[in-house]
Amino acid sequence: MALEDAKTQVDTAITRKGRRGLAYENAFGGVTSFLRRTLTKDLTGVDLAITGVPFDQAVTNRPGTRLGPRAIREASALQAFDAPYGWGYSPLELFDIVDYGDLAFDYAAVAEFPAVLQAHIAGILAAGAGCIALGGDHSISLPILRAHAAVHGPLALVQFDAHTDTWADDDPTRIDHGTMFGKAVHEGLIDPARSVQIGIRTDNPDTMGITVLDAPFVHEHGPTATVMRIKEVVGQAPAYLSFDIDALDPAFAPGTGTPVWGGLSSAQAAAMLRGLRGLNIVGADVVEVSPPFDPTGITAIAGAHVAMELICLWGWNKREQDGADT
Ligand code: MN
Ligand code: MN
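Everything numeric in this text was worked out from a predicted model, so none of it was measured.

**Structural notes on the coordination of the manganese ion (ligand 1)**
The protein atoms donating to the manganese ion (ligand 1) are Asp161 (OD), His163 (ND1), Asp244 (OD), Asp246 (OD) and Asp246 (OD), with metal-donor distances spanning 2.1 to 2.4 Å. Along the chain, the residues donating to the manganese ion (ligand 1) fall in the pattern D-x1-H-x80-D-x1-D. Here the manganese ion (ligand 1) and the manganese ion (ligand 2) are spaced 3.2 Å apart, with Asp161 acting as a shared donor. Assessed through its relative accessible area of 1%, Asp246 is described here as buried.

Given below as structure tokens:
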């Protein structure tokens, strides 16, 4: 029983035997790994690695997302008690999912950072594991996409965001959380015809051929119709899902660098993420959680919930393929 286990178990991130199953220890104590998964640098036999990318030196406004991965891990402790709601299956039981810890990098060697991150992600993928990243500012998605596109070819991008992040930027040396998806289009990492942005509510006349389902579209038509449009655009292309927490309204996610009103509710986001089951999600991230602007922890909680949904999405198509006993 969970209560009995919680009386005896602590620090399951570093003490648990095996990698599967729920984890029962006091939610308020112990070593904080994401969802109490085993904290390890050993990727042998791992299906999915969660990794933190505590980088926030590419922001246009408020910083602080370097503290995001730690806060998301802490917020996730309570979720480790229960199978994810609304899915009818538990990826924590089916797959070997570990917390691979954070990316190591020289905080002062900013120009080197993208290559260091790309190599980190490429190493995870080369080990045969999938990867979900906890940011960090949104610029981290570009090196992560480079690593994924090297394996899968051009990807469909499913981006939840208040901003398109495709603003013009011809300088390859710039690292900017508002221009990286424009660069991803130019580099051929993502296929704009298969890509979709949801929750946008800042002006950018150049969509670069990406389908934009802005926040007013979601509010007018609702999550179900939005999900149908997303699936029409993406089809079965290998897809990368990037969730900028500022897609949520500041009422639900105030702890972020560039908040914009009129955003998604957490209920709308949950309904859409669950509705996207069946997409061929090969990788994902949740970014822009900034704990210094998150006094109640509400944004980190949202980030942890989004990350759990991303795990469920990642595992959905794999359940019958290789989930049973990999
Ligand atoms: Mn944004
Ligand atoms: Mn963004």
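**Here's the deal with the coordination of the manganese ion (ligand 2)**
Within the protein, the manganese ion (ligand 2) binds to His138 (ND1), Asp161 (OD), Asp165 (OD) and Asp244 (OD); these donor distances fall in the range 2.1 to 2.2 Å. Sequence positions of the donors to the manganese ion (ligand 2) reduce to the motif H-x22-D-x3-D-x78-D.

**What about the packing of aromatic side chains?**
Scanning the entire structure with this criterion turns up 9 aromatic pairs. Ring centres 6.3 Å apart and planes at 70° place the aromatic pair Trp87 and Tyr89 in the edge-to-face group. Each member of the pair, Trp87 as well as Tyr89, carries the same accessibility label: buried. Ring geometry for Tyr89 versus Trp316: centroids 5.6 Å apart, planes at 70°, classification edge-to-face. Remark: Trp316 occurs in helix α10 (residues 298-316) and Tyr89 occurs in the loop between α3 (68-75) and α4 (91-94); sequence separation between them is 227 residues. Linked through ring pairs, Phe55, Phe105 and Phe113 together constitute an aromatic cluster.

**Here's the deal with the pattern of salt bridges**
Under the definition given, this model contains 12 salt bridges. Put simply, Asp56 and Arg66 hold a salt bridge, and the shortest N to O gap is 2.8 Å. Of this pair, Asp56 sits in the loop between β1 (48-53) and α3 while Arg66 sits in the loop between β1 and α3, and the two are 10 residues apart along the sequence. The exposure class assigned to Asp56 is buried, which follows from its relative accessible area of 6%. The partner of Arg174 in a salt bridge is Asp169, and the shortest N-O contact between them spans 2.7 Å. Judged by relative accessible area, which is 39%, Arg174 ranks as partly exposed.

**Concerning the environment of Ala193**
Here Ala193 shows up in the loop between α7 (180-186) and β5 (196-198). Separated by 58 residues in sequence, Ala193 and Ala251 have C-alpha atoms that sit 32 Å apart. Setting aside anything within four residues of it in sequence, one finds Ala193 in contact with Gly209 and Val233.

**Considering the nonpolar core**
Of all hydrophobic cores here, the largest spans 55 residues; its most connected members are Val158, Phe160, Leu241 and Phe243. The element best represented in this core is α10, accounting for 12 residues. If sequence neighbours within four positions are ignored, Phe243 has contacts with Phe160, Leu248, Ala269, Leu273, Asp285, Val286, Val287 and Val306. Among the nonpolar cores identified, the runner-up in size contains 36 residues, and Ala49, Ala58, Leu142 and Met180 belong to it.

**Remarks on unusual backbone geometry**
Going from Gly135 to Gly136, the amide bond is cis rather than trans, its omega being 10°. Phi at Asp165 takes a positive value of approximately 60°, unusual for a residue other than glycine. Looking at where Asp165 falls in the secondary structure, it is placed in the loop between β4 (156-160) and α7. Notably, Glu288 is not glycine yet its phi reads approximately 75°, a positive angle. Along the chain, Glu288 falls in the loop between β8 (281-287) and α10.

Thresholds applied
Residues numbered from 1 in each chain as written. Chains lettered and ligands numbered in written order. Predicted model: local features only at pLDDT ≥ 70, side-chain atom pairs only at ≥ 80, totals over all residues. Heavy atoms only, no water. Donors = N, O, S within 2.8 Å, 3.2 Å for Na, K, Ca; no water. Buried < 20%, exposed > 50% of the residue type's maximum accessible area, 1.4 Å probe, protein only. Phe/Tyr/Trp six-rings, centres within 6.5 Å; stacked < 30°, edge-to-face > 60°. Helix = DSSP H or I, 4+ residues; strand = E, 2+ residues; numbered from the N terminus. Salt bridge = Lys/Arg side-chain N within 4 Å of Asp/Glu carboxyl O. Contact = heavy atoms within 4.5 Å. Core = buried A, V, L, I, M, F, W, Y, C linked by side-chain atoms within 4.5 Å.

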